[in-house]
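# Summary of structural features
Residues per chain are reported as follows:
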Amino acid sequence: MDSFSKEKRSQIMSKIKSKNTTPELIVRRLLHKMGYRFRLHRTDLPGKPDIVLPRFKKVIFVNGCFWHGHSNCKKSQLPESNKKFWQDKISRNINRDAENIKKLIEMGWGVLTIWDCQTKKRGIENLEMLLDAFLKK
Ligand SMILES: [Zn+2]
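Residues numbered from 1 in each chain as written. Predicted model: local features only at pLDDT ≥ 70, side-chain atom pairs only at ≥ 80, totals over all residues. Heavy atoms only, no water.

## Re the pattern of salt bridges
Applicable threshold: The working definition used for a salt bridge is a side-chain nitrogen of Lys or Arg within 4 Å of a carboxyl oxygen of Asp or Glu. What counts as a helix is a DSSP run of H or I of at least four residues, what counts as a strand is a run of E of at least two, and both are numbered from the N terminus. The buried label applies to any residue whose accessible area, calculated with a 1.4 Å probe on protein chains only, is under 20% of its type's maximum; exposed applies above 50%, and partly exposed to all values in between.
Scanning all chains against the criterion turns up five salt bridges. Put simply, K33 and E128 hold a salt bridge, and the shortest N to O gap is 3.5 Å. With K33 in helix α2 (residues 23-33) and E128 in helix α4 (residues 124-136), the pair connects residues that are 95 residues apart, well separated along the chain. On the basis of relative accessible area, K33 is assigned to the exposed category, the value being 62%. Residue class for E128 comes out partly exposed when judged on its relative accessible area of 27%. Across the salt bridge formed by D88 and K84, the nearest N and O atoms sit 3.0 Å from each other.

## Thoughts on the packing of aromatic side chains
When we look at a pair of aromatic rings, we describe it by the centre distance and by the angle of the planes. So the rule is basically this: Stacked, edge-to-face and tilted labels apply to pairs of Phe, Tyr and Trp rings (six-membered ring for Trp) whose centres lie within 6.5 Å, assigned for plane angles under 30 degrees, over 60, and everything in between, in that order. We count a charge as sitting over a ring when the NZ of a lysine or the CZ of an arginine lies within 6 Å of the ring centre and within 35 degrees of the ring normal.
All chains considered together, the criterion is met by five aromatic pairs. Measuring from centroid to centroid gives 5.3 Å for F66 and W67, while their planes differ by 80°, and the two rings are edge-to-face. A centroid spacing of 5.1 Å and a plane angle of 75° characterise the contact between F85 and W86, whose relative ring orientation is edge-to-face. Exposure remark for F85: the relative accessible area of 45% places this residue in the partly exposed category. Ring pairs connect the aromatic residues F66, W67, F85 and W86, which therefore count as one cluster. Over the ring of F134 we find K58, and its NZ or CZ is 5.2 Å from the ring centre.

## Examining α4
Each turn of an α-helix holds 3.6 residues, which means side chains three or four residues apart point in the same direction. What counts, and what does not: To estimate how far a helix should extend, the number of its residues minus one is multiplied by 1.5 Å. Each C-beta atom gives one direction from the helix axis, and the arc is the one those directions make. Contacts are assigned to residue pairs that have any heavy atoms within 4.5 Å of one another.
Helix length check: α4 (13 residues) gives 18 Å between terminal C-alpha atoms against 18 Å at 1.5 Å per residue, within 8%. By the burial criterion, the buried members of α4 are L127, L131, F134 and L135. Buried residues of α4, seen end-on, are gathered within an arc of 90° and therefore sit on one face of the element. In this structure, α4 carries E125, N126, M129 and K136 as exposed residues pointing more than 90 degrees from its buried face. Tucked inside the fold, the buried residues of α4 contact α2, β2 (51-53), β3 (58-63) and β4 (110-115).

Right, here's the structure in full:
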């Protein structure tokens, strides 16, 4: 027997489903299609990059526009309530991201940041070009 109510279960399932369509997964699938092999979430690197291409010495972060404060992006608009709280939180994230990227570069890694809003279907060709340019650099 399912220990969850029907409503709760469908809520859980819809969450799982959306997890399978995360921007990160889109980038991973795209890289795979392009013939690249990679590792995930290397915890020994600053910022735990989402995707690591050891052979190219390159890492990719797939960032949520809101949490990582994508500048000039509609999705990163702060809520009107508790604005100060969100502002502080997000700017801490931005600073931390910048620190991690700096450390990675100092360690000799190439770093690319992909934003949520770049993984939408209509932008997928641009994304592929972006990845291609980054990895061939
Ligand atoms: Zn964005």
